[in-house]
Amino acid sequence: MILNKTENLSTAAGDAWHQSSGAEGFSSKRWLAYFQENKSSCPQIVIPEAVKVSQSIRPSLIRSLQRFQIGETGEGKHLKKFASKMNDPVYEQCIDMFIKEEQHHARILAQMIASMDGTLLTWHWSDLVFIALRRLLHLKTEIFVLLIAEVIGKCFYRTCSAHLEDPLLSDAFSLIVLDELGHLEFHCGFLRSQFETAPIFLRRCVLLCWSALFFCASYVFIADHKAALTALNVTPQQFLRDLSTSFRICSQRSLALEPKVEPKD
Ligand SMILES: [Fe+2]
Ligand SMILES: [Fe+2]
């Protein structure tokens, strides 16, 4: 399994995170190098016309993947517009490459849906809600909301990778998860660069609001995708735990609120 070898975050993205969140701070240049390397080393994924997915899982899995496929399709016009206000052309290039990776996921998901004889959606209310929330204020708000979607996507794709018996589908999901881990690191690193010098009470307030939004989104997601989770042998409680753990790590990193580790005597 591709994922098991690399899930420990010792990926190129993890390295870019550790370098860019160190003394030198967030580095658009290093992230651009990461995205370029990720693009050139990305294996070609071709999903065959027929895959081994039992009929008992198929309808609920297709239904969930259709929603993710729509979410990954966007052109990111607003995100690009906001990013252009950072006066950092390299960061803009990173955002551009990030959007292209998401569109690549949309194409893979579309192939997966077709291989299970499903059709694509043209719109879904959950996508419209996410877009509306993301556009509320400015770049940081957009990234806070985006990160919630990234956490949910990463956890769902990882569940698919771990529970689907078709090896090709499972590996394709693993590759998407690796990209999503990179996205989480990238956006967390950016937010950290914007917030680490902010007063701690402000960062804690942001965490409170962000967590409230995250748990609302998680409960709505689990209710809407319960059939797929059940088909994949994951209980809502297990999935919520998985989401919460990922979000906790992500939010603490983004807001520089990691618990202090006491040095051992
Ligand atoms: Fe994605
Ligand atoms: Fe992503």
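Keep in mind that what you see is a predicted model, and the values were worked out from it rather than measured.

Chemist: Which residues make up the overall build of the protein chain, and what values do they have?
Modeler: Looking only at helices and strands, one finds 12 helices and 0 strands in the protein chain. Mapped in sequence order, the helices and strands of the protein chain form the string α-α-α-α-α-α-α-α-α-α-α-α. In the protein chain, which comprises 265 residues, the proportion classed as buried is 35%. Of all intrachain contacts in the protein chain linking residues separated by at least 6 positions in sequence, the fraction that spans at least 24 positions is 79%.

Chemist: How would you explain the packing of helix H10 (residues 200-224) against helix H12 (residues 236-254) if you had to name every residue and give the values?
Modeler: Interhelical geometry of H10 versus H12 gives an angle of 155° and a closest axis separation of 11 Å. Between H10 and H12, the interaxial angle falls into the category roughly antiparallel. Helix-helix and strand crossings are classified by hand; for H10 and H12 the assignment is right-handed. Two secondary-structure elements touch here, H10 through Leu 207, Trp 210, Ser 211, Phe 214, Ser 218 and Ile 222 and H12 through Pro 236, Phe 239, Leu 240, Leu 243, Phe 247 and Ser 251. For the contact of H10 with H12, the per-class residue count stands at 9 nonpolar, 3 polar and no charged.

Chemist: Give a description of the nonpolar core that names residues and reports values.
Modeler: Among the nonpolar cores identified, the biggest contains 55 residues, and Cys 94, Leu 147, Ile 148, Val 151, Ile 152 and Phe 173 are the most heavily contacted of them. Here this core gets 13 residues from one element, more than from any other, and that element is helix H9 (residues 167-195).

Chemist: If you had to explain H12 to someone new, which residues and values would you point to?
Modeler: Side chains that are three or four residues apart share a direction in an α-helix, a result of its 3.6 residues per turn. With 19 residues, H12 should reach 27 Å at 1.5 Å per residue; the first-to-last C-alpha distance of 26 Å fits that figure. Residues of H12 that are buried include every one of Phe 239, Leu 243, Ser 246, Phe 247, Cys 250, Ser 251 and Ser 254, and no others. With its buried residues spanning 125° around the axis, H12 presents them on a single face. In H12, the exposed positions angled more than 90 degrees off the buried face are occupied by Gln 237, Gln 238, Arg 241 and Thr 245.

Chemist: How would you explain the environment of Arg 203 if you had to name every residue and give the values?
Modeler: Relative to the elements of secondary structure, Arg 203 occurs in helix H10. For Arg 203, a count of 19 C-beta atoms within 10 Å puts it in the partly exposed group. Considering only alpha carbons, one finds Arg 203 and Leu 257, 54 residues apart in sequence, at a separation of 7.9 Å.

Chemist: Give me unusual backbone geometry: which residues, what numbers.
Modeler: Even without being glycine, Asn 233 reaches a positive phi, approximately 65°. Mapped onto the fold, Asn 233 is located in the loop between helix H11 (226-231) and H12. A positive phi angle, close to 50°, is found at Ala 256, a residue other than glycine.

Chemist: Describe the confidence of the model for the protein chain, and please don't skip the residues or the numbers.
Modeler: Per-residue confidence for the protein chain gives a mean pLDDT of 86, with 86% of residues at or over 70. Overall, residues 3-10 carries pLDDT values under 50, and its contacts beyond four positions in sequence, including any with other chains, amount to 8 contacts.

Chemist: Would you mind going over helix H3 (residues 28-41) in detail, with residue names and values included?
Modeler: The end-to-end C-alpha separation of H3 is 20 Å, in line with the 20 Å expected for 14 residues at 1.5 Å each. All of the buried residues along H3 are Ser 28, Trp 31, Tyr 34 and Phe 35. Down the axis, H3 shows its buried residues gathered within 115° of arc, on one side only. Projecting away from the buried face of H3 at angles above 90 degrees are the exposed residues Ser 40 and Ser 41.

Chemist: Mind laying out the environment of Leu 191, listing which residues take part and the relevant values?
Modeler: Residue position: Leu 191 is located in helix H9. Counting along the chain gives 165 residues from Leu 191 to Phe 26, while the straight-line C-alpha distance between them is 9.1 Å.

Chemist: An account of the environment of Glu 72 is requested, with residue identities and associated values reported.
Modeler: The residue Glu 72 is located in helix H4 (residues 58-73) in this model. Sequence separation of Glu 72 and Ile 99 is 27 residues, and the distance between their C-alpha atoms is 8.5 Å. Those residues in contact with Glu 72 that sit more than four places away from it in its chain are Glu 102, Gln 103, His 105, Ala 106 and Leu 109.

Chemist: Give a detailed account of the packing of H3 against helix H6 (residues 89-115), specifying residues and quantitative values.
Modeler: Relative orientation of the contacting elements H3 and H6 amounts to 30°, with a least axis distance of 9 Å. Viewed along their axes, H3 and H6 adopt a mutual orientation that is roughly parallel. The two elements H3 and H6 meet at a crossing, and its hand is left-handed. In this structure, H3 uses Ser 28, Lys 29, Trp 31, Leu 32, Phe 35 and Lys 39 to contact H6, whose residues at the interface are Val 90, Tyr 91, Gln 93, Cys 94, Met 97 and Phe 98. Tallied by class, residues from the contact of H3 with H6 come to 8 nonpolar, 2 polar and 2 charged.

What counts, and at which threshold
Residues numbered from 1 in each chain as written. Chains lettered and ligands numbered in written order. Predicted model: local features only at pLDDT ≥ 70, side-chain atom pairs only at ≥ 80, totals over all residues. Helix = DSSP H or I, 4+ residues; strand = E, 2+ residues; numbered from the N terminus. Buried ≥ 20, exposed ≤ 12 C-beta atoms within 10 Å, placed from the backbone. Contact = placed C-beta atoms within 7 Å. Axes fitted to C-alpha atoms, helices over the stretch in contact; angles between N-to-C directions. Parallel < 35°, antiparallel > 145°, perpendicular 65-115°, else oblique. Left-handed = near helix turned anticlockwise from the far one by under 90°. Nonpolar A, V, L, I, M, F, W, Y, C, P; charged D, E, K, R; others polar. Core = buried A, V, L, I, M, F, W, Y, C linked by C-beta atoms within 7 Å. Expected span 1.5 Å × (residues − 1). Arc of directions from axis to C-beta. pLDDT = per-residue confidence, 0-100.

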